Amino acid sequence: MTGLNTILIIVGLFLAGGVYSFHKQEMPKGVIVLLSIASVMCLVAGVMRIQGIWE
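Residues numbered from 1 in each chain as written. Predicted model: local features only at pLDDT ≥ 70, side-chain atom pairs only at ≥ 80, totals over all residues. Heavy atoms only, no water.

Here's the deal with the overall build of the protein
At step 1: Each helix and strand in the protein was counted, giving 2 helices and 0 strands.
At step 2: Dimensions of the protein, computed from the C-alpha atoms along their principal axes, are close to 40 × 15 × 10 Å.
At step 3: The buried share of the protein, taken over its 55 residues, is 24%.
At step 4: Residue pairs at least 24 apart in sequence account for 58% of intrachain contacts in the protein once pairs closer than 6 positions are excluded.
At step 5: For the protein, the accessible surface area stands at approximately 4,100 Å², while carbon and sulfur atoms represent 75% of it. (Helix = DSSP H or I, 4+ residues; strand = E, 2+ residues; numbered from the N terminus. Buried < 20%, exposed > 50% of the residue type's maximum accessible area, 1.4 Å probe, protein only. Contact = heavy atoms within 4.5 Å. Areas by Shrake-Rupley, 256 points an atom, 1.4 Å probe, with all protein chains shown as cover.)

What to know about a nonpolar patch on the surface
At step 1: A cluster of nonpolar side chains, Val-33, Leu-34, Ile-37 and Met-41, forms an exposed patch at the surface whose accessible area comes to about 420 Å².
At step 2: Among the structural elements, Val-33 can be located in helix α2 (residues 29–51). (Patch = residues over 30% accessible without salt bridge, like charges linked within 9 Å, V, L, I, M, F, W, Y side chains within 5 Å. Salt bridge = Lys/Arg side-chain N within 4 Å of Asp/Glu carboxyl O.)

A word on the nonpolar core
At step 1: Grouped together as the largest cluster of nonpolar side chains are 5 residues: Leu-15, Val-19, Ile-32, Leu-35 and Cys-42.
At step 2: Of all elements in the fold, only α1 (2–24) and α2 reach the threshold of two or more residues within this core.
At step 3: No other element matches the 3 residues that α2 contributes to this core. (Core = buried A, V, L, I, M, F, W, Y, C linked by side-chain atoms within 4.5 Å.)

Regarding α2
At step 1: Here α2 is 23 residues long and its end C-alpha atoms lie 33 Å apart, about the 33 Å a rise of 1.5 Å per residue gives.
At step 2: The elements touched by buried residues of α2 are α1.
At step 3: Where α2 ends, the next residue or the one after it, Gly-52, has phi of about 85°, a positive value. (Expected span 1.5 Å × (residues − 1).)

With respect to unusual backbone geometry
At step 1: A positive phi angle, near 60°, is found at Glu-26, a position not held by glycine.
At step 2: Along the chain, Glu-26 turns up in the loop between α1 and α2.

Next comes the structure, spelled out in structure tokens:
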């Protein structure tokens, strides 16, 4: 299942880039917060799966 780990981490980094871009474009704060939460969730899930905590 290492493919899923990689996909989760890549999606999390992509969303983190979106947060930076949206903040730079001065988008509504609600959109930035939701995108931030999604990014953190993807990154944490990917790392937890790599470490074997969440299988």
